[in-house]
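Below, each chain spelled out in residue letters.
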Amino acid sequence: MREYRAWTLEEVLSYLEQPADTLILFHRNPDADAVGSAFALRRMLRELGSRAFCVCESEVPERLRFLMDREQKSVLPSAIPEGLDVHRVICVDTASPSQLGELWELYGEWIDLSIDHHASCSVFSDHYISTEAAATGEILFDLCRQLANEGRITVTEELCTALYAAISSDTGGFRYSNVTPETHLRAAELLAGGIDAAEINHRLFESKSMELLRAESAGISNLHLFADGRIAVITFPYALKVALALSDEHLGTLVELARSLDGVKVA
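A brief report on the enclosed structure follows. Just so it is clear, the structure is predicted and the values come from calculations on it, not from any experiment.

Some points on the overall build of the chain
- Within the chain, the secondary structure is distributed over 10 helices and 7 strands.
- In terms of overall dimensions, the chain has C-alpha extents of about 55 × 40 × 35 Å along its principal axes.
- Across the 267 residues in the chain, those meeting the buried criterion constitute 49%.
- Within the chain, contacts between residues at least 6 apart in sequence are counted, and of these 68% link residues at least 24 apart.
- For the chain, the exposed area adds up to about 13,100 Å²; of that, 51% sits on carbon and sulfur atoms.

Quick word on the pattern of salt bridges
- Applying the stated criterion across every chain, the model contains 18 salt bridges.
- As a salt-bridge pair, Arg51 and Asp21 come within 2.7 Å of each other at their nearest N and O atoms. Placement of Arg51 in the loop between helix 2 (32–47) and strand 2 (52–55) and of Asp21 in the loop between helix 1 (9–16) and strand 1 (22–26) is noted, with a sequence separation of 30 residues between them.
- Taking relative accessible area as the criterion, Arg51 reaches 45% and is therefore assigned partly exposed.

With respect to the pairing of strand 6 (residues 223–226)
- By the bridge criterion, 4 bridges tie strand 6 to strand 7 (residues 231–234) in an arrangement that is antiparallel. Each residue of the ladder has a partner; that of His224, found in strand 7, is Val233.
- Adjacent in sequence and paired antiparallel, strand 6 and strand 7 are bridged by 4 residues, among which Ala227 carries a positive phi angle near 55°.

Here we look at the nonpolar core
- Counting residues in hydrophobic clusters, the biggest one holds 54 residues, and the most contacted among them are Phe26, Leu41 and Ile115.
- Of all the elements, helix 2 adds the most residues to this core, at 9 residues.
- Judged by nonpolar contacts, the second largest core, of 13 residues, contains Phe53, Leu100, Leu103 and Phe124.

Structural notes on the side chain of Ser96
- By the element assignment, Ser96 lies in the loop between strand 3 (88–92) and helix 3 (102–107).
- Polar contacts involving the side chain of Ser96 include one to the side chain of Ser98, which spans 2.9 Å.
- Excluding anything up to four places from it in sequence, Ser96 contacts Ser122 and Phe124.

Observations regarding a nonpolar patch on the surface
- There is a patch of nonpolar side chains on the surface, built from Phe226, Ile231, Val233 and Val266 and spanning about 310 Å² of accessible area.
- Following the sequence through the fold, Val266 ends up in the segment after helix 10 (254–259).

As for the packing of helix 1 against helix 4 (residues 136–149)
- It is the contact of helix 1 with helix 4, at a shortest axis distance of 11 Å, that shows an interaxial angle of 65°. As the angle between them shows, helix 1 and helix 4 are arranged roughly perpendicular. Both helix 1 and helix 4 take part in a crossing whose hand is right-handed. Residues Leu9, Val12, Leu13 and Leu16 of helix 1 form the contact with helix 4, whose own contacting residues are Asp142, Leu143, Gln146 and Leu147.

Some remarks on helix 6 (residues 181–191)
- Those residues of helix 6 that sit buried are Thr183, Arg186, Ala187 and Leu190. The buried side chains of helix 6 occupy one side of the element, clustering within an arc of 100° when seen end-on. Among the exposed residues of helix 6, those oriented more than 90 degrees off its buried face are Pro181 and Leu185.
- Buried residues along helix 6 sit in contact with helix 4 and helix 5 (157–170).

Definitions and cut-offs
- Residues numbered from 1 in each chain as written.
- Predicted model: local features only at pLDDT ≥ 70, side-chain atom pairs only at ≥ 80, totals over all residues.
- Heavy atoms only, no water.
- Helix = DSSP H or I, 4+ residues; strand = E, 2+ residues; numbered from the N terminus.
- Buried < 20%, exposed > 50% of the residue type's maximum accessible area, 1.4 Å probe, protein only.
- Contact = heavy atoms within 4.5 Å.
- Areas by Shrake-Rupley, 256 points an atom, 1.4 Å probe, with all protein chains shown as cover.
- Salt bridge = Lys/Arg side-chain N within 4 Å of Asp/Glu carboxyl O.
- Pairing = 2+ DSSP bridges.
- Core = buried A, V, L, I, M, F, W, Y, C linked by side-chain atoms within 4.5 Å.
- Polar contact = N/O pair within 3.5 Å; in protein donor to acceptor, adjacent residues only side chain to side chain.
- Patch = residues over 30% accessible without salt bridge, like charges linked within 9 Å, V, L, I, M, F, W, Y side chains within 5 Å.
- Axes fitted to C-alpha atoms, helices over the stretch in contact; angles between N-to-C directions.
- Parallel < 35°, antiparallel > 145°, perpendicular 65-115°, else oblique.
- Left-handed = near helix turned anticlockwise from the far one by under 90°.
- Arc of directions from axis to C-beta.

Structure follows, in structure tokens:
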């Protein structure tokens, strides 16, 4: 059985600096940390002389597509360019093989490196895992800053936007207990890059489609409380999803809806 090794940040940097056609995998039903981290890494690799393509079992939700490169219109495996001669596979923000879905069957044995921040991460490849980071975006920020300090890449507004969205998303707009002083310092550096943080956070937390509002309305009707209101559960039958003409991407805010109820500790 293969033994997986924990890498240092310096080893990750050295590895990324080697030009190679690269697939960047991230978990299905992606959130902004997954999308932002993947496309931030893609931008960095391209500046370092590599061709790279971000891949997911699920398409990126419409509300997060502003984090994608304009050149890449889809993240589905079927969209991988025929001319990409893949010699490297990197996985970001994915805590277990099951989160990759069909990508695990397609590329699992070829994953060279996983970059993640989850304390509950199941090790399935060589890895760099920083549980002190509130988001995988924080790790990508550190890589970006080091490469920029060495003059290897240029930090663009698009790159800063992807990283900021990744960090803001996984901290609930800097409201969760995983936020550290370093989280705020990294965000401050990204703000200094000229990004529109108000617009990013509006897109992440406030702007909602009619489908998403229908899902939340139905979710409230299917909310159940246990343990004297400390546990909230939303049930959403498949038949209800079909009846309301919804897809999985429209259900992503339901857990936040349940968690927002006063007194709820677990949603």
